[in-house]
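So the chains spell out like this:
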Amino acid sequence: MAGKTGKALTIGVLALQGGVEEHVAILESLGAHVTRVRLPRDLDGLDGIVFPGGESSTIDRLARAFELAQPLRDAIRAGLPVLATCAGLIYSARELENPAPGQQSLGVLDVVVRRNGFGNQRFSEERTVPVRLDEEDLAVEASFIRAPVVTSHGAGVEVIATVPERDGTPVVVGVREDNVIALSFHPEENGDDRIHARWLAGLSV
Ligand code: GLN
């Protein structure tokens, strides 16, 4: 995937913990140059960054230990595009309803998130979820693994995906605010590269 100048896009994957390699594989297969981000200097020259799923409290703890959290927050507030999945959504949020002891989040997305919002799913659940990235919805085969839900959001946040609860109430599982897109499920688990492809295409224009 080529950027504005015709050069390959350089995309970081936050590589502190979690499902890093699935995202690296998809991004590389789409032609991006991928950097694993662990230290502040790894943020140099990125066109975008992916936050993988995993354990958000561990990602938070390591990011602070490596003094990455503040430079990362600054880069995103300055416009670095983010695609976050699952624990990545939790890590991006302004507020967590049920943080682990001492857990912090970056506060780059104006949402309140409940971790394990569907209960403690022992097994992953697959659902087809319509996701609105451009004008049309993409039907994504999504894996929900101890997935978070967005319980409230600010006026600047667009809801791009919901799933119906058992009683039919829509539960918010995908949002976008300016340069941050966050999904509570894993599109990458099923080898579906369309979300990444659309996201990269949006960075190239
Ligand atoms: N529940 C996990 C957390 O709090 C997220 C699960 C996931 O990323 N699959 O980080």
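All values reported here derive from a predicted model rather than from experimental measurement.

Chemist: Looking at this model, I keep getting lost on the pattern of salt bridges. Mind explaining?
Modeler: Should the charged atoms of two oppositely charged side chains come close, the side chains can pair. The full count for this structure, using the stated rule, is 11 salt bridges. Of the charged contacts in the structure, one is a salt bridge between E97 and R114, with a shortest N-O distance of 3.4 Å. Placement of the pair is E97 in the loop between strand 5 (93-96) and strand 6 (109-114) and R114 in strand 6, with a sequence separation of 17 residues. Given a relative accessible area of 40%, E97 falls into the partly exposed group. The class of R114 is partly exposed, set by a relative accessible area of 33%. The closest approach of N and O atoms between D134 and R198, which form a salt bridge, is 2.8 Å. Residue D134 is found in the loop between strand 7 (125-132) and strand 8 (137-144), and its partner R198 is found in helix 5 (residues 194-204); the two are separated by 64 residues along the sequence. For D134, a relative accessible area of 37% translates into the label partly exposed.

Chemist: Any chance you could explain the side chain of R73 here in plain terms?
Modeler: Along the polypeptide, R73 turns up in helix 3 (residues 69-77). It is D74 that comes nearest to the buried, bridge-free R73 among opposite-charge side chains, at 6.3 Å. Only 2.5 Å separates the side chain of R73 from the side chain of Q70, close enough to count as a polar contact. Other than its neighbours up to four places away in sequence, R73 contacts S105, L106 and V108.

Chemist: I keep staring at the UniProt feature "binding site: L-glutamine" (unreviewed entry) in the protein and nothing clicks. Help me out?
Modeler: The sites that UniProt annotates as "binding site: L-glutamine" (unreviewed entry) are G54, E55, S56, R115, I145 and R146. Taken together, the annotated residues stretch across 93 residues yet fold into one region, lying no more than 12.8 Å apart by C-alpha. Note on placement: S56 falls in helix 2 (residues 56-65). A residue is classified by how much of its surface remains accessible, and S56, at 2% relative accessible area, is buried. Residues within four places of S56 in sequence aside, it is in contact with A87, I90, Q103 and R115. Mapped onto the secondary structure, I145 falls in the loop between strand 8 and strand 9 (149-153).

Chemist: Is there a simple way to explain the site of the ligand in this structure?
Modeler: Taken together, G53, G54, E55, S56, C86, A87, I90, R115, N116, I145, R146 and H186 make up the full set of residues adjacent to the ligand. Take G54: an N or O atom from its main chain is 2.9 Å from an oxygen atom of the ligand. Contact distances for the ligand include 3.1 Å between a nitrogen atom and a backbone N or O atom of R146. Here the ligand loses 97% of its free accessible area of 300 Å² to cover by the protein chains. Within the shell around the ligand, the residues separate by chemical class into four nonpolar, five polar and three charged.

Chemist: In this structure, what is going on with unusual backbone geometry? I would like to understand it.
Modeler: Across residues other than glycine, the phi torsion is negative in most instances, and most of the peptide bonds are trans. Positive phi, normally seen in glycine, also occurs at E67, with a value near 55 degrees. Take E67: its relative accessible area is 61%, and that puts it in the exposed class. The phi torsion at D178 lies on the positive side, around 50 degrees, for a residue other than glycine. For D178, the location among the structural elements is in the loop between strand 11 (170-177) and strand 12 (180-183). A residue is classified by how much of its surface remains accessible, and D178, at 68% relative accessible area, is exposed.

Chemist: Just checking my understanding: could you explain the UniProt feature "active site" (unreviewed entry) in the protein for this structure?
Modeler: UniProt records the feature "active site" (unreviewed entry) for C86, H186 and E188 in the present numbering. In terms of the greatest pairwise C-alpha distance, the residues named above, spread along 103 residues, form a tight cluster of at most 11.1 Å across. On the secondary structure map, C86 appears in the loop between strand 4 (82-85) and helix 4 (87-92). Take C86: its relative accessible area is 5%, and that puts it in the buried class. For C86, the contacting residues outside a window of four places in its chain are G53, I145, A147, P148, L183, S184, F185 and H186. The topology assignment puts H186 in the loop between strand 12 and helix 5. In this structure H186 comes out as buried when scored by relative accessible area, which is 6%. Once you skip the residues sitting within four places of it in the chain, H186 turns out to touch G53, T85, C86, E141, A142, S143 and I145.

Analysis parameters
- Residues numbered from 1 in each chain as written.
- Predicted model: local features only at pLDDT ≥ 70, side-chain atom pairs only at ≥ 80, totals over all residues.
- Heavy atoms only, no water.
- Salt bridge = Lys/Arg side-chain N within 4 Å of Asp/Glu carboxyl O.
- Helix = DSSP H or I, 4+ residues; strand = E, 2+ residues; numbered from the N terminus.
- Buried < 20%, exposed > 50% of the residue type's maximum accessible area, 1.4 Å probe, protein only.
- Lys, Arg positive; Asp, Glu negative; His and termini not counted.
- Polar contact = N/O pair within 3.5 Å; in protein donor to acceptor, adjacent residues only side chain to side chain.
- Contact = heavy atoms within 4.5 Å.
- UniProt positions renumbered as here; feature names shortened; annotations may be inferred.
- Near = heavy atom within 4 Å.
- Areas by Shrake-Rupley, 256 points an atom, 1.4 Å probe, with all protein chains shown as cover.
- Nonpolar A, V, L, I, M, F, W, Y, C, P; charged D, E, K, R; others polar.

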